[in-house]
Amino acid sequence: MSTPRLREMTEADITALITLGRRIWNLHYPGIITQQQIDHIVPIIYNTTRIRDELARGVRYLLAEIEKDIVGYIAWEAIADTPSAYFIHKLYVDPTRHRMGIASSLLSAALQRIPHATHVELLTHRQNVKGLAFYEKQGFEIIAAPETPIGDYFFPDYRLRKMLHYGTRAAV
């Protein structure tokens, strides 16, 4: 098993990120949401224009690579009205690479890049049992249960928060 190399995403990585994102959604989300919903949402969140716009507004992407293949990624940005808080938009790992510590490494590395943050938040589908278990293991707690609009659908999500403490980043 190779250790993943973590690096910042560049615009040259967008096509590979889109390909991986589509693969992950089609492997992970059936049984959580319908294939019709997946087919509707994936082009909305995984397209070149949207990702370029995210990068331009300050969303940071960190990639995990094994032997030059992108196998996972995390994307985050500061919450506009709370500069010491950050929102994680995406944290995904190729399902064939689960349970290898890649998601934990990505999350830890992202948190290292925001040392002044007081907390991070994210959304996950309420039926995403594997994702929810991972986040809870990482110290996230459910703070709300919104219905999140994506395209033509509303999704039953959990909003999770992880409190961060200065000087304890190594404990994440």
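Up top is the structure these notes are about.
The sections below set out a description of the structure shown in this document. (Residues numbered from 1 in each chain as written. Predicted model: local features only at pLDDT ≥ 70, side-chain atom pairs only at ≥ 80, totals over all residues. Heavy atoms only, no water.)

Regarding helix H5 (residues 129–137), the residues found buried are Gly131, Leu132, Phe134 and Tyr135. One face of H5 carries all of its buried residues, which in axial projection span an arc of 160°. Every exposed residue of H5 that faces more than 90 degrees away from the buried side is listed here: Val129, Lys130 and Lys137. Of the surrounding elements, those touching the buried residues of H5 are strand E4 (82–93), helix H4 (102–112), strand E5 (119–125), strand E6 (141–144) and strand E8 (153–163). One or two positions beyond H5, positive phi appears at Gly139, with a value near 100°. (Buried < 20%, exposed > 50% of the residue type's maximum accessible area, 1.4 Å probe, protein only. Helix = DSSP H or I, 4+ residues; strand = E, 2+ residues; numbered from the N terminus. Arc of directions from axis to C-beta. Contact = heavy atoms within 4.5 Å.)

Membership of the largest hydrophobic core comes to 27 residues, with the highest contact counts inside it found for Ile74, Trp76, Ile88, Leu91, Leu106, Val120 and Phe140. Looking at which element gives the most residues to this core, the answer is H4, with 7 residues. Tyr29, Ile38, Tyr61 and Ile70 belong to the second largest nonpolar core, which has 25 residues in total. (Core = buried A, V, L, I, M, F, W, Y, C linked by side-chain atoms within 4.5 Å.)

Our next topic: unusual backbone geometry. The backbone phi angle of Glu67 is positive, close to 50°, even though this residue is not glycine. With respect to the helices and strands, Glu67 occurs in the loop between strand E2 (60–66) and strand E3 (69–79). Owing to a relative accessible area of 66%, Glu67 belongs among the exposed residues under this scheme.

Position of Glu77 among the secondary structure elements: in strand E3. A polar contact of 2.7 Å, which involves the side chain of Glu77, links it to the side chain of His89. Non-local contacts of Glu77, meaning those with residues more than four positions away in its chain, are made with Arg57, Gly58, Val59, Ala85, Tyr86, Phe87 and His89. (Polar contact = N/O pair within 3.5 Å; in protein donor to acceptor, adjacent residues only side chain to side chain.)

Moving on, we come to the pairing of E8. Summarising the sheet, E5 and E8 pair through 7 bridges and their orientation is antiparallel. What sits directly across from Leu122, in E8, is Leu160. Pairing analysis gives 3 bridges linking E6 to E8, with the strands arranged antiparallel. Across the sheet, the residue bridging to Glu141 is Arg161, located in E8. Linking strand E7 (residues 147–150) to E8, which pair antiparallel, is a turn of 2 residues; within it Gly151 sits at a positive phi near 60°. (Pairing = 2+ DSSP bridges.)

These results come straight from atomic positions and should not be treated as a statement about function.
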